[in-house]
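# Coordinates in review
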Amino acid sequence: MKHDKAIEYWDRLASNNPSERSVKVNPQNDFTSIDAEFIGRYTNSTSRVLDLASGTGLIVNKYYNKVEHIDAVEKYPEFSKYTVNAPNVDVYNEDILDFQPNRKYDIMLMFGVVQYFSEDEVLKVYDRYVESLKPEGKLIIKNQFGVDGDVEVAGISEEIGQEYVSQYRHIDKEGALLESVGYRDIDVVDIYPPEANRWSNTHFYAVVAARGIGRQLNS
């Protein structure tokens, strides 16, 4: 699986007059209130947040008033138009593979994102942003991960009626990828209630990783 195949799916979705909920592959499986509550465990009124692939702002809109500032990076303006218009929220319509942060963050978020990158590609994403965290900053990922091994989906999805591609890597592999580019103290949290995990071979987890102390920090 390559990222460009996933982009084809999102290109089609963005060009088809999307609604605020279009980014939910399964609209019935909306646990964004749980997502926002989880983010709140790691943030406060002075937190600066980088939200990568922020979609239509379903999560941003639930926590923006509890932090100091959010940089929300979303490739498609058709999606980001639903993100709250607030003084402490800046939206950047750029691909996360191209975005160049100009500040350090307390928290970086990648919710429902990493499945659309192959192993080699996601390694580049993790490496690209590790030095954008403050020394005590954390990366929070929420995603489906393989239970017994990697699970790859490619082809026509009966549920959504069109071609869909994803790679749900085994949770241990994702942790190893993070460690290889300088993250540490990786914590895996079973974030959702049982009914959220509809498939026996994948499971939703939140992964919280700290900025590695061994990498050279920029001032």
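To keep things clear, this report deals only with the structure shown in the data block. Sequence order as written defines residue numbering, which begins from 1 separately in each chain. In view of the model being predicted, local features appear only for residues whose pLDDT reaches at least 70, and side-chain atom pairs are presented and counted only at 80 or more, with totals across whole chains, interfaces and linings using the full set of residues. Side-chain figures throughout are based on the complete set of non-hydrogen atoms in the structure, without hydrogens or water.

## Concerning the packing of aromatic side chains
- Ring pairs shown here join Phe, Tyr and Trp side chains whose ring centres sit within 6.5 Å, with only the six-membered ring taken for Trp; geometry is labelled stacked below 30 degrees between planes, edge-to-face above 60, and tilted in between. Applying the stated criterion across every chain yields a total of 6 aromatic pairs.
- Members of the aromatic cluster, connected to one another through ring pairs, are Phe31, Tyr192 and Phe204.
- Across the ring face of Tyr129, the terminal group of Arg128 is positioned such that the distance to the ring centre comes to 5.9 Å. Any Lys NZ or Arg CZ found within 6 Å of a ring centre and within 35 degrees of that ring's normal is scored as a charge over the ring.

## Section: the environment of Thr46
- Strands are runs of DSSP state E lasting at least 2 residues, helices are runs of H or I lasting at least 4, and numbering of each runs from the N terminus. Of note, Thr46 is situated in the loop between α2 (32-40) and β1 (48-52).
- Residues Thr46 and Val67 lie 21 residues apart in sequence; the distance between their C-alpha atoms is 5.9 Å.
- A polar side-chain atom of Thr46 sits 2.7 Å from a polar atom in the side chain of Asn44. Within 3.5 Å is the distance limit for a polar contact, defined as a pair of N or O atoms, with the added protein rule that one can donate a hydrogen and the other accept it, and that residues adjacent in sequence qualify only through two side-chain atoms.

## Considering the pattern of salt bridges
- For salt bridges, the criterion is a side-chain nitrogen of Lys or Arg within 4 Å of an Asp or Glu carboxyl oxygen. Here the structure, examined in full by the defined rule, presents 10 salt bridges.
- For the salt bridge of Lys173 with Glu119, the shortest nitrogen-to-oxygen distance reads 3.3 Å. Of this pair, Lys173 sits in helix α6 (residues 171-180) while Glu119 sits in helix α5 (residues 119-129), placing them 54 residues apart in sequence.
- Ionic pairing is found between Glu174 and Arg169, a salt bridge with its closest N-O pair at 2.6 Å.
- Judged by relative accessible area, Glu174 falls into the buried class, the value being 1%. Each residue is assigned to one of three classes by its accessible area relative to the maximum for its type, calculated with a 1.4 Å probe on protein chains only: buried under 20%, partly exposed between the two thresholds, exposed over 50%.

## Topic: unusual backbone geometry
- Here Ala53, not a glycine, exhibits a phi torsion of approximately 60°, which is positive.
- Turning to its location among the elements, Ala53 is positioned in the loop between β1 and α3 (60-63).
- Judged by relative accessible area, Ala53 falls into the partly exposed class, the value being 27%.
- We note that Asp185 has phi near 50°; this positive angle belongs to a residue other than glycine.
- On the secondary structure map, Asp185 appears in strand β8 (residues 183-189).

## Brief notes about the sheet that holds β8
- In this description, strands pair whenever DSSP reports at least two bridges between them. Strand order in the open sheet made by the 7 strands is β3-β2-β1-β4-β5-β9-β8, with mixed pairing throughout. Single-partner strands in this sheet number two, and they are β3 (89-92) and β8. Each neighbouring strand pair of the sheet contributes to a mean axis angle of 15°, computed without reference to strand direction.
- Two elements, β8 and strand β9 (residues 202-211), share 5 bridges in a ladder whose sense is antiparallel. The residue of β9 that forms the bridge with Val188 is Val207.
- The criterion used for residue contact is that any of the two residues' heavy atoms lie within 4.5 Å. All axes are obtained by fitting lines to C-alpha atoms, using only the stretch in contact for helices, and the reported angles, taken between N-to-C directions, cover 0 to 180 degrees. The strands touched by α2 are β4 (105-111), β5 (133-146), β8 and β9; relative to β4, the strand with the most contacts, the crossing angle is about 155°.
- Contacting β5, β8 and β9, α6 crosses the sheet at an angle of about 155° to β8.

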